[in-house]
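The primary structure of each chain is shown beneath.
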Amino acid sequence: MRLIKTKDYDDMSRKAAAIISSQVTLKPNSVLGLATGSTVEGLYEILAKEYEDGLLDFSDVTSINLDEYAGLAPDHDQSYDYFMSTNLFNKINIHRNNTYLPDGTADNMDEECRRYDSIIETFGPLDLQLLGLGHNGHIGFNEPADSFSKGTQYIKLTDETIKANSRFFNDESEVPRGAVTMGIGSIMKSKTALLCVSGSGKAEILKEVLEGPVKPQVPGSILQLHNDVIVIADADALKYVEI
Ligand code: F6R
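Here is a short report on the structure shown in this document. In this text, all values refer to a predicted model and were calculated from it rather than measured experimentally. (Residues numbered from 1 in each chain as written. Predicted model: local features only at pLDDT ≥ 70, side-chain atom pairs only at ≥ 80, totals over all residues. Heavy atoms only, no water.)

This part takes up the overall build of the chain. Of the regular secondary structure elements, the chain holds seven helices and 10 strands. Computed over its C-alpha atoms, the radius of gyration of the chain comes to 17 Å, within 12% of the 18 Å expected for a compact globule of 243 residues. The C-alpha extent of the chain, read off along each of the three principal axes, is 40 × 40 × 35 Å. By the burial criterion, 54% of the 243 residues in the chain qualify as buried. By sequence separation, contacts in the chain at least 24 residues apart represent 78% of the contacts at least 6 residues apart. Looking at the chain as shown, the accessible area adds up to about 10900 Å², and 47% of this sits on carbon and sulfur atoms. (Helix = DSSP H or I, 4+ residues; strand = E, 2+ residues; numbered from the N terminus. Rg over C-alpha atoms; globule rule 2.2 N^0.38 Å. Buried < 20%, exposed > 50% of the residue type's maximum accessible area, 1.4 Å probe, protein only. Contact = heavy atoms within 4.5 Å. Areas by Shrake-Rupley, 256 points an atom, 1.4 Å probe, with all protein chains shown as cover.)

Structure (structure tokens):
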């Protein structure tokens, strides 16, 4: 594991964006596993700016997102599809048909999970999987559980996640109760995993993820066993970790 401590959120975003830029520069047809959420907004902004400045070309990149809320159509302004379009895809030259997200509105979630696994199988293993960390240790939407998931799964969100994500909705009651998420097994097969964490609110869980026992009750702890994981976290998030 490589652990990089940054001054603050902006510094974390710059360093994470630099790793993704290098990945795309060194391998223009990279398969990127992408995440959504506040943690990655800053780094997507930097990547979009680098594209605008002619420094990056995404025309051969394929992206496979981690997750999508159940019940939200791509044009819903809180869907992860919408997040990706507005924060990144519409600002760079990636081909939209080379971008994949689970379909949160699928009638048959089991079939949707298998469909998504076959996409991951076809393009994988992911060259680089970008990850944020939930307050409860989730990666993707793999919530604390009794075992680690292998493939894509439909998951009921925990009250903690619903509360944490309610900041993006008008009201907590509007937060979808379920999601479709790439499995931990697929995340672990990525060639490189890049975990970004910011803020003192995640300091306790980050310490558990990095130093605690590997257990499905703290899903992110599995990353201790990843062959090539880079953790970029700011000083606030690392306040309980000695480095
Ligand atoms: C989103 C995802 C989640 C988030 C995590 C942190 O695609 O996979 O695991 O990365 O919930 O969210 P933020 O960055 O909003 O704190």
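A few words now on the packing of helix 1 (residues 9–26) against helix 2 (residues 38–52). Their axes nearest at 8 Å, the elements helix 1 and helix 2 cross at an angle of 55°. Judged on the interaxial angle alone, helix 2 and helix 1 are oblique. Note that helix 1 runs across helix 2; the crossing there is right-handed. In contact with Y9, M12, S13, R14, A16, A17, I20 and S21 of helix 1, helix 2 contributes S38, T39, V40, E41, G42, L43, I46, L47 and E50. (Axes fitted to C-alpha atoms, helices over the stretch in contact; angles between N-to-C directions. Parallel < 35°, antiparallel > 145°, perpendicular 65-115°, else oblique. Left-handed = near helix turned anticlockwise from the far one by under 90°.)

Okay, the nonpolar core next. If you look at the biggest cluster of nonpolar residues, it comprises 68 residues, and the most contacted ones within it are I20, L43, Y44, L47, L130 and L194. Once you skip the residues sitting within four places of it in the chain, L43 turns out to touch S13, A16, A17, I20, L130 and C196. (Core = buried A, V, L, I, M, F, W, Y, C linked by side-chain atoms within 4.5 Å.)

Attention now moves to the sheet that holds strand 8 (residues 178–181). Strand order across the open sheet formed by three strands is 4-8-7, with antiparallel pairing between neighbours. Looking along the sheet, the strands with just one partner apiece sit at the ends: strand 4 (67–69) and strand 7 (153–156). Going across the sheet, the axis of each strand differs from the next one's by a mean of 25°, ignoring polarity. Sheet analysis places strand 4 next to strand 8, joined by three bridges and oriented antiparallel. Bridge pairing in strand 8 places Y69 opposite A179. (Pairing = 2+ DSSP bridges.)

Inspection of every chain in the model, using the stated rule, returns 11 salt bridges. One salt bridge connects E172 with K163, and the closest N-O pair in it is separated by 3.9 Å. With a relative accessible area of 33%, E172 lands in the partly exposed category. Residues participating in the shared-partner salt-bridge network are D11, R14 and K15. (Salt bridge = Lys/Arg side-chain N within 4 Å of Asp/Glu carboxyl O.)

The next thing to look at is the packing of helix 2 against helix 3 (residues 80–87). The packing of two helices is summarised by the inter-axis angle and the distance between the axes. One can describe the packing of helix 2 onto helix 3 by two numbers: an axis separation of 10 Å at closest approach and a directional angle of 30°. In this view, helix 2 runs roughly parallel relative to helix 3, as classed from their interaxial angle. Residues V40, E41 and Y44 of helix 2 touch helix 3, and the partners they reach there are F83, M84 and N87. Looking at the contact of helix 2 with helix 3, its residues break down into four nonpolar, one polar and one charged. (Nonpolar A, V, L, I, M, F, W, Y, C, P; charged D, E, K, R; others polar.)

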